[in-house]
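Structural description and commentary
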Amino acid sequence: MTLDVIDKKSLKVMIIDDDEISGFIYGKIIEKGGVSGNHVRTFLKGQEALEFLKNNLGNNEDFPDLILLDINMPIMNGWEFLDSYAEDIWPKLGKKVILCMLSSSVNRDDIDKANSYSQVDDYLSKPLTKDVLTNFLNKHFNA
């Protein structure tokens, strides 16, 4: 399923990655891909991202269109985030949100596990590059 988002500048992106440098770099790549920097939010902790999502349910102005989620994070890893998202957020969404696992893992078990979640739309291996991002946006957002 694709979203009818034509203007990439208006795309709202959430990056959840405990590596601050990676989050910063991916944010810049996303901006260079045509998304407004005002619409990219980075969270270093899955729990903080979940709280943001819970607090903004029904608020399409701030709620992301795209979530990029790392797997390996301390305190709450990507799988734990997904479990909470699937239970507390996803059933209450008023719009389609693309959730993509963005991980350094190329382990088949991780890819299969990600694909077992109906909330996960795609799996990308790090590092995120402008070409990978462009292909991804074209695939999911009719960009």
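Details of the structure are given in the entry above.
The paragraphs below set out a description of the structure included in this document. (Residues numbered from 1 in each chain as written. Predicted model: local features only at pLDDT ≥ 70, side-chain atom pairs only at ≥ 80, totals over all residues. Heavy atoms only, no water.)

1. A short note on the overall build of the chain
The criterion, for reference: Labels follow the DSSP assignment, with helices taken as runs of H or I lasting at least four residues and strands as runs of E lasting at least two, numbered in each case from the N terminus. Two things to know: the radius of gyration comes from C-alpha atoms, and the globule rule equals 2.2 Å times the number of residues to the power 0.38.
Regarding its fold elements, the chain presents 5 helices and 5 strands. Ordered by position from N to C terminus, the α and β elements of the chain give β-α-β-α-β-α-β-α-β-α. The C-alpha radius of gyration computed for the chain amounts to 14 Å, which stays within 12% of the reference 15 Å derived for 143 residues, consistent with globular compactness. By its C-alpha atoms, the chain is 35 × 30 × 30 Å across when sized along the principal axes.

2. A word on helix H2 (residues 46-55)
Selection criterion: Here's how the labels work: a residue is buried when its accessible area is under 20% of the maximum for its type, exposed when over 50%, partly exposed in between, all with a 1.4 Å probe on protein chains only. The arc in question is traced by the directions running from the helix axis to the C-beta atoms. Residues count as neighbours in contact if any of their non-hydrogen atoms are within 4.5 Å of one another.
Residues of H2 that are buried: Gly46, Ala49, Leu50, Phe52 and Leu53. Along the long axis of H2, the arc covered by the buried residues comes to 160°, so they all point the same way. The secondary structure elements touched by the buried residues of H2 are strand E1 (13-16), strand E2 (40-43), strand E3 (66-69) and helix H3 (78-89).

3. A few points about the pattern of salt bridges
The cut-off we apply is this: Salt bridges, as used here, are contacts in which a Lys or Arg side-chain nitrogen is within 4 Å of a carboxyl oxygen on Asp or Glu.
Under the counting rule described, the total for this entry stands at 11 salt bridges. The salt bridge partner of Arg108 is Asp112, with a shortest N-O separation of 3.1 Å. Taken together, the residues Arg108 and Asp112, both in helix H4 (residues 108-116) and 4 residues apart, mark about one turn of the helix. A relative accessible area of 39% places Asp112 in the partly exposed class. Here Lys139 ties to Asp122 by a salt bridge, and the two come within 3.2 Å at their closest N and O atoms. Of the two residues, Lys139 is situated in helix H5 (residues 130-141) and Asp122 in strand E5 (residues 122-125); the sequence distance between them amounts to 17 residues. Taken together, the shared-partner salt bridges in this structure form one network comprising Lys12, Asp65 and Lys95.

4. Observations regarding the packing of aromatic side chains
Threshold: In summary, the pairing rule links any two rings of Phe, Tyr or Trp, Trp by its six-membered ring, whose centres are within 6.5 Å, and it sorts them by plane angle into stacked for under 30 degrees, edge-to-face for over 60 and tilted for everything else.
Under the definition given, this model contains 3 aromatic pairs. Measuring from centroid to centroid gives 5.5 Å for Phe43 and Phe52, while their planes differ by 45°, and the two rings are tilted. We classify Phe43 as buried; its relative accessible area is 12%. Between Trp79 and Tyr117 the ring centres are 6.1 Å apart and the planes differ by 15°, which places this aromatic pair in the stacked class.

5. Some details on H3
We count it as follows: Here a polar contact is recorded for every N or O atom pair within 3.5 Å, except that within protein the pair must consist of a potential hydrogen donor and a potential acceptor, and residues adjacent in sequence are included only if both atoms are side-chain atoms.
Of all the positions in H3, only Gly78, Trp79, Phe81, Leu82, Tyr85 and Ile89 are classed as buried. Along H3, the residues classed as buried sweep out an arc of 155° about the axis, all on the same side. Where H3 is buried, its residues meet E1, H2, E3, strand E4 (98-103) and H4. With a side-chain oxygen positioned 2.9 Å from the backbone nitrogen of Trp79, the residue opening H3 is Asn77.

6. Some remarks on the nonpolar core
Put simply, the test is: Residues grouped as a nonpolar core are buried Ala, Val, Leu, Ile, Met, Phe, Trp, Tyr and Cys residues, joined through side-chain atoms within 4.5 Å.
Counting 27 residues, the largest nonpolar core has Leu53, Phe81, Tyr85, Leu99 and Met101 as its most contacted members. When contributions to this core are tallied by element, the ones reaching two or more residues are E1, H2, E3, H3, E4 and H4. A total of 5 residues in this core trace back to one element, the largest contributor, which is H3. Within the second largest apolar cluster, 19 residues are counted, among which are Val35, Leu68, Phe136 and Leu137.

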